[in-house]
Amino acid sequence: MWKKKARHMAAAFMAGVMAVTMIAVPVKADSISETEQRGKELQQQKEAAENEKNSLASQLNQVVSDMQEAEEKLTKKQDEIKKAQDDLVQAQIQENDQYEAMKLRIKYMYENGNTSLIEILLSAKSMGDLLNKAEYVQTISEYDRNMLEKYEKLTKEIEEKEAALEKEEAELKTLQNDLIAKRDSVNQLLSEKEVQISSLEQEIGKNAAKLQQLIKEAEEAKRRQEEEAAAKKAAAEAARKAALAAQQASSSSSSSSSSSSSAGSSYVSGNGSLAYPVASPRITSGYGYRTAPTAGATSRHDGIDFGGATGTPIYASEAGTVVTAAYNSARGNYVVINHGNGIQTWYQHCSAVYVSVGQKVSRGQNIAAIGSTGIVTGPHLHYEVHVNGTPVNPLNYL
């Protein structure tokens, strides 16, 4: 009873191990490294945009400074123009006054003839006084002429100065307009750069959130893998221990009982040289050609099938050496034992295998358990006997 329970436990653990190995870890379309690289690229773009923004801000400061300087120059120039205009008006007034005074004197002398000048000269009391008075009259005449010429020259100079100042004012206004246009252009570029930086910051935020999510998913996947690996390892170890315990129990039972005593045997001996591989033989499919029971199964049946529940013990038909203990997509888990003299027995579709390649087994030793691995329609043991490498009807040897 204990041995049967151990075998069932081993079969269950082996089935668990196989189930664990079939679990696949989901593959993410976007890798963490790609997202990190995208984050670096976005950060570089943002830094470049911020550098451009700082450069534009520096340009704007310079433009504003130039505008202030131009404004100061323009104001100063306008003050100079105003002063020149005021000076021109005063010069024109003085010129006009001098001209009017000269006209009055000329008119006076014309209307009175030269008698006034003669009277001035005759009124002299001495020769020195006469010379002084004559010089005085000449001086008045020259003074009027010189003053008139002076005011005319001054007026012309002021007009030329005013024209030059107005030209400079026009140039300053043009410069000011150019600076205003440049300021507006730089402000527009700054505004566009701020929009770009804001957009990049949003993308950086989204990328960072995506990266965190990927890291979280990767950590979760790693945790699941570790848990699955631990479960697989534990299941494999438990299956190994259960198989070892079942093998030891079977060996102990075989060594303590006589091979001729059917009451103590775990296998059934027929009339042939080989013992049946199961305790209660129930053939569900015989040797020879048949209709394939399922897709992938062969129509040439090279052995016989023994029905049984999953975990039912399978026994070695004769003592020998295990030459194969493996898995095949069609046979499932299977064991091949070489008995010598060209005879081998095959045990297929096992749910658990308790022996390994190279191991010596005795007749009736529990080597595996019935299962449904490989291409099957249900749990059973497919049993074959080969003589010199050719499958034969097992019933001729059981």
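Computed from a prediction, not measured in an experiment: that's the story for all the values here. (Residues numbered from 1 in each chain as written. Predicted model: local features only at pLDDT ≥ 70, side-chain atom pairs only at ≥ 80, totals over all residues. Heavy atoms only, no water.)

Attention now goes to the pairing of strand 10 (residues 343-353). Most of strand 10 is tucked away, with ten of its eleven residues classed as buried. Pairing geometry for strand 9 (residues 332-340) and strand 10, over six bridges, is antiparallel. By the bridge assignment, G340 is partnered in strand 10 with I343. As judged from the six bridges shared by strand 10 and strand 13 (residues 380-387), these two strands associate in the antiparallel manner. Residue pairing in the sheet places T345 in a bridge with V385 of strand 13. Examined bridge by bridge, strand 10 and strand 12 (residues 366-370) share three bridges and lie antiparallel to one another. (Buried < 20%, exposed > 50% of the residue type's maximum accessible area, 1.4 Å probe, protein only. Helix = DSSP H or I, 4+ residues; strand = E, 2+ residues; numbered from the N terminus. Pairing = 2+ DSSP bridges.)

Moving on: the environment of L74. When you line up the elements, L74 lands in helix 2 (residues 32-112). With a relative accessible area of 5%, L74 lands in the buried category. Taking the C-alpha atoms as reference points, L74 and E168, separated by 94 residues in sequence, lie 8.5 Å from one another. Beyond its immediate sequence surroundings of up to four residues, L74 is in contact with E169, L172, K173 and Q176. (Contact = heavy atoms within 4.5 Å.)

This part takes up the nonpolar core. Ranked by size, the top nonpolar core spans 22 residues in total, and within it F306, I314, I337, Y347, I367, L381 and Y383 carry the most contacts. In this structure L381 touches P277, V278, I304, D305, F306, I314, Y347, Q348 and I370, once residues within four positions along its chain are discounted. Counting five residues, the second-largest nonpolar core is a separate cluster that includes L42, A49, I197 and I204. (Core = buried A, V, L, I, M, F, W, Y, C linked by side-chain atoms within 4.5 Å.)

Attention shifts here to the pattern of salt bridges. Under the definition given, this model contains 15 salt bridges. The salt bridge involving R183 is made with D184; its shortest N-O contact spans 3.4 Å. Owing to a relative accessible area of 41%, D184 belongs among the partly exposed residues under this scheme. Of the charged contacts, one joins E318 and R363 as a salt bridge, the two residues approaching to 2.6 Å between their closest N and O atoms. Residue E318 is found in the loop between strand 7 (313-315) and strand 8 (320-328), and its partner R363 is found in the loop between strand 11 (360-361) and strand 12; the two are separated by 45 residues along the sequence. According to the relative accessible area criterion, R363 is partly exposed, its value standing at 22%. One network of salt bridges, with partners in common, ties together E220, R223, R224 and E227. (Salt bridge = Lys/Arg side-chain N within 4 Å of Asp/Glu carboxyl O.)

Here the focus is the packing of aromatic side chains. All chains considered together, the criterion is met by four aromatic pairs. Aromatic ring contacts, followed pair by pair, group Y276, F306, Y347 and Y383 into a single cluster. Looking at R331, its charged tip hangs above the ring of Y334, at a distance of 5.3 Å from the centre. (Phe/Tyr/Trp six-rings, centres within 6.5 Å; stacked < 30°, edge-to-face > 60°. Lys NZ or Arg CZ within 6 Å of the ring centre and 35° of its normal.)

The next point concerns the side chain of H386. Inspection of the secondary structure puts H386 in strand 13. If sequence neighbours within four positions are ignored, H386 has contacts with G342, I343, Q344, W346 and P391.

Turning our eyes to something else, we now look at the pairing of strand 8. Across two bridges, strand 8 lies against strand 11 in antiparallel orientation. By the bridge assignment, T321 is partnered in strand 11 with K360. Turn length for the strand 8-strand 9 hairpin, with the two strands adjacent in sequence and antiparallel, is three residues.

In this model, the protein chain carries an average pLDDT of 78, and 71% of its residues clear a pLDDT of 70 or more. Counted against residues more than four places away or in other chains, residues 12-29, with its pLDDT under 50, gives 22 contacts. In this model residues 254-265 is a low-confidence stretch, pLDDT under 50, and it forms six contacts with partners more than four residues away in sequence or in other chains. (pLDDT = per-residue confidence, 0-100.)

Our next topic: the environment of F306. Among the secondary structure elements, F306 is positioned in strand 6 (residues 304-307). Those residues in contact with F306, other than ones at most four positions away along the chain, are Y276, P277, V278, P281, R282, I283, T284, I370, H380, L381, Y383 and L398.

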